[in-house]
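Survey of secondary and tertiary structure
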Amino acid sequence: MLINVEGQLWGTLIDIEDVILQRIEQIEEDDPELEVAYELIGEENRGVIITALADILISVEFVESDLSWRRELAEEEYIDAKDEDILVAVIVPTEAYLEVYGRLRRHANKGLMVLSYESLGILSTPMAG
């Protein structure tokens, strides 16, 4: 369990790499021809999945944890990626879905999707330690 400086309980950190690996397995199962890579941004407990086909960038998926989706620059990061004319997905814990969707819905018709772990059938496991 984590406690912030105000003494509020944050809960258990999600094992974001496990979430990313589950999502990559789904992507590879859906389209085995896609090249899939990911970057784990450990200090923020989040990651990015990148898919390409024949060296052409197809999509970027931002996989956020129970804490990282609150980052100040998160929305700007998603919009910058969307401006590259690729599919952009933001994957968040189910509990955060409505709030994140509310923040980003004005960009939804421009190639930005918000998905929850639950909608993808991804299980979030707590980080060991």
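The shown structure was predicted, so the numbers you read here are calculated from the model rather than taken from an experiment.

Considerations on the pairing of strand S4 (residues 46–53)
Most of S4 sits out of view: 6 of its 8 residues are buried. Pairing between strand S3 (residues 35–41) and S4: 7 bridges, direction antiparallel. Counterpart to isoleucine 41 in the pairing with S4 is arginine 46. As consecutive antiparallel partners, S3 and S4 are separated by 4 residues, and within that stretch asparagine 45 has a phi angle of approximately 50 degrees, a positive value. In the sheet, S4 pairs with strand S5 (residues 56–63) via 7 bridges, with the strands oriented antiparallel.

Some remarks on the sheet that holds S4
The 5 strands are arranged S3-S4-S5-S6-S7 in an open sheet whose pairing can be described as mixed. The sheet is open, and its two edges are formed by S3 and strand S7 (112–116), each paired on a single side. Taking each pair of neighbouring strands and ignoring which way they run, the sheet shows an average axis angle of 20 degrees. Here helix H2 (residues 74–82) sits on the sheet in contact with S4, S5, strand S6 (87–92) and S7, set at roughly 155 degrees to S6. This element, helix H3 (residues 97–104), spans S6 and S7 of the sheet and lies at about 175 degrees to S7.

Looking at the confidence of the model for the protein
In low-pLDDT segments, the atomic positions of the prediction should not be examined closely. In this model, the protein carries a mean pLDDT of 87, and residues with pLDDT of at least 70 account for 88%. Between the elements of the protein, mean pLDDT differs from a low of 42, seen in strand S1 (residues 2–3), to a high of 97, seen in S4.

What about H2?
Buried within H2 are the following residues: Ala74, Tyr78, Ile79, Ala81 and Lys82. End-on, the buried residues of H2 take up no more than an arc of 160 degrees, which puts them together on one face. Buried positions along H2 lie against S5, S6, H3 and S7.

Here we look at a negative patch on the surface
A surface patch of negative charge is lined by Glu25, Glu28, Glu29 and Asp30. Looking at where glutamate 29 falls in the secondary structure, it is placed in helix H1 (residues 16–30).

Reading the values: rules and limits
Residues numbered from 1 in each chain as written. Predicted model: local features only at pLDDT ≥ 70, side-chain atom pairs only at ≥ 80, totals over all residues. Heavy atoms only, no water. Buried < 20%, exposed > 50% of the residue type's maximum accessible area, 1.4 Å probe, protein only. Helix = DSSP H or I, 4+ residues; strand = E, 2+ residues; numbered from the N terminus. Pairing = 2+ DSSP bridges. Axes fitted to C-alpha atoms, helices over the stretch in contact; angles between N-to-C directions. Contact = heavy atoms within 4.5 Å. pLDDT = per-residue confidence, 0-100. Arc of directions from axis to C-beta. Patch = residues over 30% accessible without salt bridge, like charges linked within 9 Å, V, L, I, M, F, W, Y side chains within 5 Å. Areas by Shrake-Rupley, 256 points an atom, 1.4 Å probe, with all protein chains shown as cover. Salt bridge = Lys/Arg side-chain N within 4 Å of Asp/Glu carboxyl O. Lys, Arg positive; Asp, Glu negative; His and termini not counted. Charge placed at Lys NZ, Arg CZ, Asp CG, Glu CD.

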